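An overview of the molecular structure
This is what each chain is made of:
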Amino acid sequence: MLLKRICWVFTLVIAASASLHAGPTKEAGKELFMANCASCHNKNMKDNLTGPALAGVEDRWAAFPRKDLYAWIRNSQALIATGHPYANEVWGKYKPTLMNNFPALTDEQIESMILFINEPGGPPPPPPPPGGAAAEEEGLPWLFIGLAGTLLLLAFALMRIVNNLSNVSRAKDGLPPTEKTAYQLLTTKGAIAFLVFATVLIFGYKAVDNATRMGREQNYKPDQPINFSHKIHAGINKIDCQYCHDTARRSKQSGIPGANTCMNCHTAVKKGTISGTGEITKIFASIGYDPITGKYMDGYDNWSEKQIEDLYKKWIGQEYMSANSLTALDENGKSVVENQWEGIVKALKDDSNGKIQGPIEWTRVHNLPDHAYFNHSQHVAVGQVACQKCHGKVEEMDVVFQYSTLGMGWCISCHRETEVKFKDNDYYKQYERYHDELKSGKRDKVTVEDIGGLECQKCHY
Ligand code: HEC
Ligand code: HEC
Ligand code: HEC
Ligand code: HEC
Ligand code: HEC
Ligand code: HEC
């Protein structure tokens, strides 16, 4: 009976936490779409991809039961074979190109993808509140509160067990049983101590969290003027880090590539799978490239904002299917073209020259204090340390963030542990003694510390 009750409490808690994630979500939809459909379909671009753009797909299937759309996605040929009128119409336009079958997709997963497809292709959602820390961390205190709640319920159930057990022994002694009310149970010493403990845990967590963030900004992930994804470039498209950060090998600074580097590819790739014209047009607007004619514009520096606006609105407008995206309004009553143009202005105009033209001003993620000296080429070219050792798996990050603490302790402990690649590295020729010691077996390795990596003046001006 009691055990049943405990089970029941648990079931409730689990059900409650599961319900937080149940149902289709845009995020899940995006992931599914990118993994299964993006190779042939674009969300809302007119494009020469294999399949049709999917924006507005819900409307096109609206005349039929929802399950027909599910059936299409799971096995389009089977639905065509039933003589389904719309399925045959689409097939008529695209045959003999076949769509893959996705028999394993659930209704919910398909609904998730439709949510993603329906999302307007405008600029990204508003920036997270200032302070820089990643927005998803906001969720953490709630996790703690949820946890505390669960523990509280558990404590409550245990107290009932104690109460019942004591009643059993009271019965043995011939005393009448006591039934404590919920209020009585909650005001026992144990319960109060527990509540205090939980409160301290929650607020203590917040306080420590804020304090550590103030000093150094590990995980710092500022908003950038363009949604540039390392995952798409360095990950999926396997572009070498040094193709863009080409000075890392040669100089102190690793540097951020200029728009010219981007244009090596983006004269050809004018639209993105995720953002359509929304983000890549910002590169064009910064250096005056006309994507319609494929030419750079003369005297772009002297163009008025109105001229720039006309050009890029025309470009964005012609690239969207007028039926869906142009007339689709967001919650502020703006069209996709208007939205994207505003995104361009916001990204490019508020920089030092007050104009749209000019370099893209990226927000620095890493920033050592002035008194510390760090040199990339020393680490990348001489030390042969991989970028990922210090920056994490950048090729998996959509938005790059500060992976390491960058504190002095971090530098020092790596210098203590890391063996320098002494052999066949000209840079270390001068260290004759170490070479001799290595040869004679007196020493089995040379660390960065051994070559002076812990000397203050090496890192401090
Ligand atoms: C191999 C390429 C390919 C992949 C992958 C693919 N499709 Fe398709 N899809 C097509 C083609 C081609 C058509 C046009 C009809 C035809 O030829 O069968 C189409 C048509 C459609 C249609 C009907 C379009 C309309 O305007 O009503 C929907 C809906 C659809 N696909 C959804 C999806 C979803 C969802 C996925 C991912 C789970 C997906 N497709 C993956 C090629 C693909
Ligand atoms: C296609 C060009 C490109 C490639 C390839 C690329 N990056 Fe970047 N990287 C950028 C741009 C643009 C920025 C500035 C925007 C941003 O911070 O997201 C940047 C920023 C960074 C930053 C943060 C700089 C700061 O502000 O402190 C790091 C670290 C970084 N890249 C590391 C890497 C590593 C490691 C790789 C290889 C795995 C790599 N990048 C590949 C273009 C590129
Ligand atoms: C070596 C080639 C190359 C370089 C250099 C390059 N890109 Fe890309 N970029 C790509 C490819 C490939 C895609 C994927 C296009 C797609 O989504 O189908 C892409 C996509 C994008 C997207 C759109 C992502 C989406 O799906 O919406 C943006 C924004 C972007 N790049 C920005 C930049 C910026 C900024 C630079 C310069 C710092 C840059 N790229 C340099 C090849 C490159
Ligand atoms: C030994 C650690 C380490 C390695 C290896 C390393 N970085 Fe860095 N990186 C840093 C530190 C520390 C900073 C901050 C420098 C500053 O603020 O002066 C930084 C800053 C950057 C920046 C911001 C611009 C700048 O130069 O300050 C970029 C971009 C970058 N790194 C890219 C790379 C790439 C690409 C590689 C690999 C080719 C790489 N890093 C390898 C530690 C490292
Ligand atoms: C992942 C390991 C690693 C981290 C982290 C690291 N370093 Fe290094 N560092 C090395 C290696 C390996 C060398 C050896 C390269 C060489 O011989 O110059 C080196 C060499 C140096 C040197 C030259 C030492 C000498 O005697 O010539 C300086 C200066 C330096 N690092 C500064 C820093 C600073 C500042 C930081 C922190 C912001 C840092 N390093 C973080 C691995 C690291
Ligand atoms: C391998 C590089 C390296 C060496 C060697 C090194 N430091 Fe630092 N030091 C740093 C870096 C990086 C910072 C900045 C850390 C930060 O921003 O929190 C720093 C910060 C400091 C600070 C400021 C306090 C702080 O936390 O910001 C002092 C003081 C300092 N170092 C003293 C020294 C002294 C004294 C030595 C020699 C015994 C030394 N350092 C050796 C890299 C080094």
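Given the structure is predicted, the values throughout are model-derived calculations rather than measurements.

Basis of the calculations
- Residues numbered from 1 in each chain as written.
- Chains lettered and ligands numbered in written order.
- Predicted model: local features only at pLDDT ≥ 70, side-chain atom pairs only at ≥ 80, totals over all residues.
- Heavy atoms only, no water.
- Helix = DSSP H or I, 4+ residues; strand = E, 2+ residues; numbered from the N terminus.
- Buried < 20%, exposed > 50% of the residue type's maximum accessible area, 1.4 Å probe, protein only.
- Contact = heavy atoms within 4.5 Å.
- Areas by Shrake-Rupley, 256 points an atom, 1.4 Å probe, with all protein chains shown as cover.
- Axes fitted to C-alpha atoms, helices over the stretch in contact; angles between N-to-C directions.
- Parallel < 35°, antiparallel > 145°, perpendicular 65-115°, else oblique.
- Nonpolar A, V, L, I, M, F, W, Y, C, P; charged D, E, K, R; others polar.
- Donors = N, O, S within 2.8 Å, 3.2 Å for Na, K, Ca; no water.
- Tetrahedral: all angles 85-135°; square planar, octahedral: opposite > 155°, others 65-115°.
- Near = heavy atom within 4 Å.
- Polar contact = N/O pair within 3.5 Å; in protein donor to acceptor, adjacent residues only side chain to side chain.
- Arc of directions from axis to C-beta.

Within the protein, the secondary structure is distributed over 22 helices and two strands. Expressed as a percentage of its 461 residues, the buried residues of the protein come to 33%. Restricting to contacts in the protein with at least 6 residues of sequence separation, those with at least 24 account for 65%. Total accessible area on the protein is roughly 28100 Å²; 60% of this is exposed by carbon and sulfur atoms.

Attention now goes to the packing of helix α4 (residues 66–74) against helix α7 (residues 107–118). Orientation of α4 relative to α7, taken along the N-to-C sense of each, is 95 degrees, at an axis distance of 11 Å. Classified by the angle their axes make, α4 and α7 are roughly perpendicular. Between α4 and α7, the residues in contact are Arg-66, Leu-69, Tyr-70, Ile-73 and Arg-74 and Asp-107, Ile-110, Glu-111 and Ile-114, respectively. Broken down by class, the residue content of the contact of α4 with α7 amounts to five nonpolar, no polar and four charged.

Quick look at the coordination of the iron atom of ligand 2 now. Expected angles at a metal are 109.5 degrees for tetrahedral coordination by four donors and either 90 or 180 degrees for octahedral coordination by six donors. With distances of 2.0 Å, the protein atoms coordinating the iron atom of ligand 2 are His-230 (NE2) and His-245 (NE2). Seen from the iron atom of ligand 2, its six donor atoms lie at angles of 87 to 180 degrees, and the figure they make is octahedral. Of this pair, His-230 sits in helix α11 (residues 230–236) while His-245 sits in the loop between α12 (241–244) and α13 (259–266), and the two are 15 residues apart along the sequence. According to the relative accessible area criterion, His-230 is buried, its value standing at 15%.

Our focus in this paragraph is the site of ligand 2. As a structural note, the neighbourhood of ligand 2 is formed by 23 residues, with His-230, Cys-241, Cys-244, His-245 and His-366 the closest of them. Gln-224 places a polar side-chain atom, nitrogen or oxygen, 3.2 Å from an oxygen atom of ligand 2. Val-365 places a main-chain nitrogen or oxygen 2.7 Å from an oxygen atom of ligand 2. Every element with two or more residues in the shell around ligand 2 is listed here: α11, α12 and α19 (387–391). Looking at the shell around ligand 2 residue by residue, the class counts come to 12 nonpolar, eight polar and three charged.

Even without a glycine there, the phi angle at Lys-238 is positive, about 50 degrees. Mapped onto the fold, Lys-238 is located in the loop between α11 and α12. Take Lys-238: its relative accessible area is 69%, and that puts it in the exposed class.

So, on to α13. Inspection of α13 places Ala-259, Cys-262, Met-263 and His-266 among the buried residues, and these make up the whole buried set. An end-on view of α13 places all buried positions within 100 degrees of arc, on one side of the element. Exposed residues lying more than 90 degrees from the buried face of α13 are Asn-260 and Asn-264. Where the residues of α13 are buried, they touch α11, α14 (280–287), β1 (289–290) and β2 (295–296).

Let us look at the coordination of the iron atom of ligand 6. Binding of the iron atom of ligand 6 to the protein goes through Met-408 (SD) and His-460 (NE2), at separations of 1.9 to 2.1 Å. One can describe the donor arrangement at the iron atom of ligand 6 as octahedral, given that its six donor atoms subtend angles of 87 to 179 degrees at the metal. Residue Met-408 is found in helix α20 (residues 408–417), and its partner His-460 is found in the segment after α22 (456–459); the two are separated by 52 residues along the sequence. A residue is classified by how much of its surface remains accessible, and Met-408, at 56% relative accessible area, is exposed. A residue is classified by how much of its surface remains accessible, and His-460, at 29% relative accessible area, is partly exposed.

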